[in-house]
Amino acid sequence: MLQLDLRHHFLIAMPAMADSHFAKTLVYVCEHNEQGALGIIVNRPTNLTLGELFAQTKIPADEFELAGMPVYFGGPVQTDRGFVLHKPVGQWQSTLAINQNLGLTTSKDILLAVGEGREPKNLLLTLGYSGWAQGQLEHELTQNAWLTVPASEHILFELPSEERLLAAMALLGVDYSSLSEYAGHA
């Protein structure tokens with residue numbers, strides 16, 4: 001049986017999504033294999049900025065250009081841990097290479113580099129991640145909980161968070177407001 005691979009795809013929550021963690025979210029899938037899936041929500045900023053997070057965690061940072069960037073709620077799993085989605089992949093202590101361009105890093109060395117004004121400049125930091133057990137995401141897809149579309153780096157790194165969901169829908173040629181809260185099967 002052919003394994004569905006949604007790595008480097010967006011999951012778009014359908015309007016009927018009952019789980020408040022995922023209602024009206026856009027999730028970027030970082031890993032998807034026979035054991036399950038891991039993604040981060042990319043359109044739910046918190047009230048915390050990167051500069052404030054660095055101050056709270058005592059990561060040295062002079063006036064760095066990304067200080068005002070929001071920290072995102074990445075999902076309900078391990079919300080006390082940071083996950084940095086970034087471009088380029090680079091050479092960090094703990095990185096999952098998603099593809100040739102993007103990585104997801106959990107080690108502190110990437111934050112130290114950012115605090116010093118070094119690469120990567122294209123990044124998105126989340127607290128927590130979204131995880132699915134073996135077969136769970138596939139089941140949710142059959143229940144019409146999500147739409148999927150190949151991801152866009154432009155949407156991830158160049159658009160403000162409030163525009164990302166609608167931009168991902170536009171990749172499908174669909175207007176989010178036209179979706180029904182009710183799904184059916186033919």
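Here's a quick rundown of the structure. Just so we're clear, the structure is a prediction, and the values are computed from it rather than from any experiment. (Residues numbered from 1 in each chain as written. Predicted model: local features only at pLDDT ≥ 70, side-chain atom pairs only at ≥ 80, totals over all residues. Heavy atoms only, no water.)

So, on to unusual backbone geometry. The omega torsion across K87 and P88 is 0°, close enough to zero to call that bond cis. Within the secondary structure, P88 sits in the loop between β6 (77-87) and β7 (95-97). Omega for the bond connecting E119 with P120 falls within 30 degrees of zero, at 0°, which places this linkage in the cis form. Structurally, P120 is set in the loop between α2 (109-115) and β9 (122-133). In this model, H8 sits at a positive phi of 60°, which is unusual for a non-glycine residue. Mapping H8 onto the fold places it in the segment before β1 (9-13). (Helix = DSSP H or I, 4+ residues; strand = E, 2+ residues; numbered from the N terminus.)

Another aspect to go through is the side chain of H32. Here H32 is to be found in strand β2 (residues 26-33). Overall, the relative accessible area of 4% leaves H32 in the buried class. Among the polar contacts listed, one links the side chain of H32 to the backbone oxygen of L4, at a separation of 3.2 Å. Engagement of the side chain of H32 in a polar contact is seen with the side chain of E138, the distance being 2.8 Å. The residues touching H32, leaving out its near neighbours within four places in the chain, are Q3, L4, D5, L6, R7, A37, L137 and E138. (Buried < 20%, exposed > 50% of the residue type's maximum accessible area, 1.4 Å probe, protein only. Polar contact = N/O pair within 3.5 Å; in protein donor to acceptor, adjacent residues only side chain to side chain. Contact = heavy atoms within 4.5 Å.)

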